[in-house]
Amino acid sequence: MNISTAYASGRLTIYLGGELDHHAARETMQSITELLDEYLPRECALDFSGLRFMDSSGVALIVRVSRRMRELGGRVWIENPAGQTRRVLEAAGVERLVQVAAIGGKT
């Protein structure tokens, strides 16, 4: 799992790349928690454009990030999911909890 970030004006974008499965989920969540605690963002975008694979562990990660952002008084959304990742998000009904945005936007 590869993680990179960009931060500007209260918005933290976390770019995830590779495979988000049960092997990577714990370490990825720990890294994201540390980033959220460091930046204390008002907005957090999880950019999934680099994910090649995601299983239900990724859904659990989204739920935990959503909870943490609510605790911080902020919001989170997912950007740029494609292929298999998008299908997992749709099957799990993630859009009922977290906004899933089209490529290049928050809508």
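Residues numbered from 1 in each chain as written. Predicted model: local features only at pLDDT ≥ 70, side-chain atom pairs only at ≥ 80, totals over all residues. Heavy atoms only, no water.

A. Region of interest: the overall build of the chain. In terms of helices and strands, the chain carries three helices and five strands. For the chain, the N- to C-terminal ordering of α and β elements is β-β-α-β-α-β-α-β. Here the C-alpha radius of gyration of the chain, 12 Å, is about what a compact globule of 107 residues would show, namely 13 Å. Overall size of the chain, expressed as C-alpha extent along the three principal axes, is 30 × 30 × 20 Å. (Helix = DSSP H or I, 4+ residues; strand = E, 2+ residues; numbered from the N terminus. Rg over C-alpha atoms; globule rule 2.2 N^0.38 Å.)

B. Region of the structure containing the sheet that holds strand β1 (residues 2-8). One open sheet holds the five strands; their spatial order is β1-β2-β3-β4-β5, and the pairing between them is mixed. Lying at the two open borders of the sheet, with one neighbouring strand each, are β1 and β5 (99-101). Adjacent strand axes in the sheet meet at a mean angle of 25° when their direction is disregarded. Where β1 meets strand β2 (residues 11-20), seven bridges bridge the pair, whose relative direction is antiparallel. The partner of N2 across the bridge, within β2, is G17. Across the face of the sheet, helix α2 (residues 56-71) comes into contact with β2, β3 (43-54) and β4 (75-79) while running at roughly 175° to β3. On the sheet, helix α3 (residues 83-92) packs against β3, β4 and β5 and is oriented at approximately 120° with respect to β3. (Pairing = 2+ DSSP bridges. Axes fitted to C-alpha atoms, helices over the stretch in contact; angles between N-to-C directions. Contact = heavy atoms within 4.5 Å.)

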